[in-house]
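Architecture at a glance
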Amino acid sequence: MSTLSLTPSRSLVAADLVKLHRRRGLVAVTALLTVGAMTITYGIIELLHVASPATHGPAGGIVNLGHGAWVASALGAVAAAIVGSMAGVGDLEAGVYRDLVVTGRSRLALYRSRLRGGLVFLLPFVAAGYALAGVASVLFADGHPVPSVSLLVTTGLWALLQVTFYYLLAFGIACVVGSRSYTIGVLLGFRLALTPILASISAIGIVRELIPGVALQGLTPAALGDAAQQGPTIPMSTAAIAAVLVVWALAAVVAGAWRDTRRDA
Amino acid sequence: MCTLGAGPYRRGMTTHLHEVPLDRDDLVVETRSLTKRFGGRTAVDGVDLRVPRGVAFGYLGPNGAGKTTLIRMLLGLTTASAGEMRLLGLPLPQSRAEALAHVGAIVEEPRFHGHLSGRENLEIVAAVRGGGAYRLIDDSLERVGLTARARDRVGTYSLGMRQRLGIARCLLADPELLILDEPMNGLDPAGIQEFRGFVRSFVEEGRTIVLSSHLLDEVEKTCDHVAIVDRGRVVVQGSIAELRDDGDPTVLVETRDPVAAAGLLAGHPAVARVTADGPAVHAVLTDLAVVPELNRLLVGAGQDVLRLEPAQASLEDRFLEITTRLENAA
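Let me sum up the structure you'll find in this document. (Residues numbered from 1 in each chain as written. Chains lettered and ligands numbered in written order. Predicted model: local features only at pLDDT ≥ 70, side-chain atom pairs only at ≥ 80, totals over all residues. Heavy atoms only, no water.)

What follows covers the pairing of strand β2 (residues 27-38) of chain B. All names here are of chain B. Looking at chain direction, β2 and strand β3 (residues 41-52) are connected through 8 bridges and run antiparallel. If you follow E30 over to β3, its bridge partner there is R50. One ladder, built from 5 bridges, connects β2 with strand β5 (residues 82-87); its direction is antiparallel. Within β5, the position partnered with E30 by the bridge is R86. (Pairing = 2+ DSSP bridges. Helix = DSSP H or I, 4+ residues; strand = E, 2+ residues; numbered from the N terminus.)

In structure tokens form, the structure reads like this:
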């Protein structure tokens, strides 16, 4: 594992990356939720189209890119919760956190390294999954409007932003609560169940705009139409969206760092 | 020198058996009034500990005496409620990183990522330590005899192998000081013997070992110096030889009727404690000058005295003597 003989901070990240890559179950689940999900989604749509072109449209085109982006962001958020919580408390749960602390290396440096290592692990899977969606949306368009390069890029960035955001939440929350299972449960409940319910209750007014899922939906590329939407879109300025996302992510990461540097190891 | 006899010893006082002043450079661990409280419970109670350089130092006490808590404070795993600490002459927590760069430690049982190989686990710690740690991996594995299994997953290792891998992990720091918390726990006799060999070889290399344990026998066999801790307090510390010698004098008496002899001796006011051990009777005295008088007492009572000689107290004898006094003083 010669990658570990790099500069100190890069070798730390490489070490954290190794911990994640060697977990076969984690690699399999992450690949399934990203590349696998996209392969299955586009594969089924295209097979149905080939079998019965009259009743099933092609797998490509802008609309199906929107569906693909939705799958990438929704299942990517699940992968983010799993990877983020593992990166956050994998050392703690394995009982080796204290052995890293007693090396004298600052806890904050260990925290930063785990944070970066998890992202370096996760994002290539998400990018690969989305790349499949992008390629499929062009190759299988079969006469439907083909997404432009600009739309492909912005949609991809939107999907990566969603996954990165939920990764940061998962990482921070895991470090605060010190448990993977609680983190995954809380985050998925919040993302998949609570967010759509709260977003649909107009009576709570501006509070809806503070929900990160609502803010992220506000960033959905307009050209995708409703295909990438989950629930109603609430009009928000870009500055307000950015503020909501930054505050949530910062709060989670700072709280995680605070807890991590003060816990009895 | 302070005796552990009936006179000066009392709860709340740490007895340094060998009061030769040590320069701060000669101490690898030094604590003053170190205290750790968990709510209303005091786990470590004003500990003054001084560990000289280049020895195997046993931190001996029953379970729950505060041994692990003290070690965790020294290693920065938990904060102290009060008091001062120095590690390798450096103040803690101010110089924690600098001090710990030269310290290897195993706290409680050695833990690893079970899904990684032994070598990968060491590579991760080497990455965290930085410097030349990576280059020490092969030597460390060889030193503990794990080269052949280095590429196997740690999840397949026995406890003894994990303990050895823990030692290898410590060696990545090329440590001046190794702190080992209950390292013999769970090891079979062969593992214990092997571990003892590691400790002695590290001491011969000039490293200092601090070894916490509740196993008196192991500390006596492995260590040169000892601190005895009881309910969060260090009650005595010094070399093991001094500790053995500084207790109340003990004589070994052998007669044809040890039960009767023990009864006679127990009735004498200068005999603090009598224990029968087969044909021999161990009598702990308050004053060695009464030995001729005890001989006359036995002979006068018709006992055939076959043996009457000073006995070397074991660490266990001293430990019991001290803790008995503590109980009585409380």
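Right, let's get into helix α9 (residues 258-266) of chain B. Within α9 of chain B the residues assigned to the buried category are P258, A261, A262 and L265 of chain B. End-on, the buried residues of α9 of chain B take up no more than an arc of 100 degrees, which puts them together on one face. (Buried < 20%, exposed > 50% of the residue type's maximum accessible area, 1.4 Å probe, protein only. Arc of directions from axis to C-beta.)

For the rest of this paragraph, the subject is the packing of helix α6 (residues 149-177) of chain A against helix α9 (residues 238-262) of chain A. Residue and element names in this part refer to chain A. Viewed as axis vectors pointing N to C, α6 and α9 meet at an angle of 30 degrees, and their least axial separation amounts to 7 Å. The orientation of α6 with respect to α9, classified from their angle, is roughly parallel. Relative to α9, the crossing made by α6 is left-handed. Across the interface between the two elements, L161, F165, L168, L169, G172, C175 and V176 from α6 touch L245, W248, A249, A252, V253, A255, G256, R259 and D260 from α9. (Axes fitted to C-alpha atoms, helices over the stretch in contact; angles between N-to-C directions. Parallel < 35°, antiparallel > 145°, perpendicular 65-115°, else oblique. Left-handed = near helix turned anticlockwise from the far one by under 90°. Contact = heavy atoms within 4.5 Å.)

Take the packing of aromatic side chains next. How two aromatic rings sit relative to each other is set out by the distance from centre to centre and by the angle between their planes. All names here are of chain A. Counting across every chain of the model gives 6 aromatic pairs over all chains. Ring geometry for F165 and Y166: centres 5.3 Å apart, planes at 80 degrees, overall edge-to-face. Taken together, the ring pairs in this structure connect Y111, Y167 and F171 into an aromatic cluster. (Phe/Tyr/Trp six-rings, centres within 6.5 Å; stacked < 30°, edge-to-face > 60°.)

What follows deals with the interface of chain A and chain B. Tallying the contact residues gives 30 residues for chain A and 32 residues for chain B. By the criterion of area lost to chain B, the three top residues of chain A are R98, V102 and T103 of chain A, representing 24% of everything that side buries. The tally of links between chain A and chain B comes to 3 salt bridges. The partner of E108 of chain B in a salt bridge is R98 of chain A, with the nearest N and O atoms 3.2 Å apart. Run the count over chain A and chain B and you get 13 residue pairs in polar contact (both at pLDDT 80 or more). Elements with a minimum of two residues in the side of chain A that touches chain B: α1 (8-21), α3 (62-94), α4 (97-101) and α5 (107-139) of chain A. Its residues assigned to classes, the side of chain A that touches chain B comprises 12 nonpolar, 6 polar and 12 charged. (Buried area = accessible area lost by both parts, 1.4 Å probe. Salt bridge = Lys/Arg side-chain N within 4 Å of Asp/Glu carboxyl O. Polar contact = N/O pair within 3.5 Å; in protein donor to acceptor, adjacent residues only side chain to side chain. Nonpolar A, V, L, I, M, F, W, Y, C, P; charged D, E, K, R; others polar.)

All we've got here are geometric facts, nothing functional implied.
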